[in-house]
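# Examination of the molecular architecture
So you can see what is in the structure, the chains are spelled out below.
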Amino acid sequence: VYPEAFVVDMNEEDEFGFVAEGADIREGESWGVGTVVISWEDVITDTHAFDGRNIILHEFAHQLYDHGEPRLPDTATAEAWRACFDAAYAAHADAVARDEEGLLDPYGAEDPAEFFSVITETFFELPQEMREVHPDLYAQLCAVYRQNPAAYFDR
């Protein structure tokens with residue numbers, strides 16, 4: 001846990017083989033199986049606002065997704081999850097490419113792992129909105145997490 005956002009030295013190669021070097025400021029990272037690095041300042045900020053962003057939820061969702069599919073109770077559930085997830089990711093990436101605003105953070109269009117982390121944040125932070133705007137995806141996340149967070153807010 002860092003006291004605030006931290007700087008990471010970056011070396012990224014693009015599809016043409018060009019390497020970009022520099023520094024990137026991060027609020028959190030997920031490394032390998034079991035290691036999460038987060039900014040305490042952002043944890044405090046995120047736990048006081050239900051705005052769809054939460055660094056804890058985001059980075060721990062990477063721990064679930066980056067190392068394989070989320071654990072699901074049976075094959076039929078896994079197949080339904082995969083079909084829904086793939087369709088939602090494609091639709092989100094298309095919407096972001098068209099600069100359309102939506103409920104989900106545009107960062108989720110980066111790749112499927114980021115999409116899973118972004119939808120996890122939205123699922124727990126803005127569950128009623130997600131249930132309304134993305135009902136199929138919400139239902140699948142209820143199965144993945146075995147929770148219905150919108151019910152807490154419905155009361």
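Please refer to the structure higher up on the page.
The present account deals with the structure reproduced in this document. Each chain carries its own residue numbering, running from 1 in the direction its sequence is written. The predicted origin of the model limits local features to residues at a pLDDT of at least 70 and limits the giving and counting of side-chain atom pairs to 80 or more, whereas totals for whole chains, interfaces and linings rest on all residues. Note: side-chain values were computed over all heavy atoms of the structure, leaving out hydrogens and water.

### What to know about helix α2 (residues 55-65)
Burial in α2 covers these residues: Ile55, His58, Glu59, Ala61, His62, Gln63 and Tyr65. Polar contacts, as counted here, are pairs of nitrogen or oxygen atoms within 3.5 Å of one another; within protein the pair requires one atom able to donate a hydrogen and one able to accept it, and residues that are adjacent in sequence qualify only if both atoms are side-chain atoms. By the criteria applied, helices consist of DSSP H or I runs no shorter than four residues and strands consist of E runs no shorter than two, each listed in order from the N terminus. Its side-chain oxygen 3.0 Å from the backbone nitrogen of Ile56, Asn54 forms the N-cap of α2. Partly exposed describes any residue whose relative accessible area lies between the buried limit of under 20% and the exposed limit of over 50%, with all areas from a 1.4 Å probe on protein chains only and scaled to the type maximum.

### Brief notes about the packing of helix α4 (residues 112-125) against helix α6 (residues 135-145)
At a minimum axis distance of 11 Å, the contact between α4 and α6 shows a crossing angle of 90°. Classified by the angle between their axes, α4 and α6 sit roughly perpendicular to one another. On α6, the residues that touch Phe115, Phe116, Ile119, Thr120, Phe123 and Phe124 of α4 are Leu137, Tyr138, Leu141, Cys142 and Tyr145. For this classification, Asp, Glu, Lys and Arg are treated as charged, while Ala, Val, Leu, Ile, Met, Phe, Trp, Tyr, Cys and Pro are nonpolar and the rest, including Gly, are polar. Partitioned by chemical class, the residues of the contact of α4 with α6 number 10 nonpolar, 1 polar and no charged. With axes taken as lines fitted to C-alpha atoms, and helix axes fitted only over the stretch in contact, angles between N-to-C directions fall between 0 and 180 degrees. Put simply, angles under 35 degrees are roughly parallel, angles over 145 are roughly antiparallel, angles from 65 to 115 are roughly perpendicular, and the rest are oblique. A contact between two residues is defined here by any heavy atoms of the two lying within 4.5 Å.

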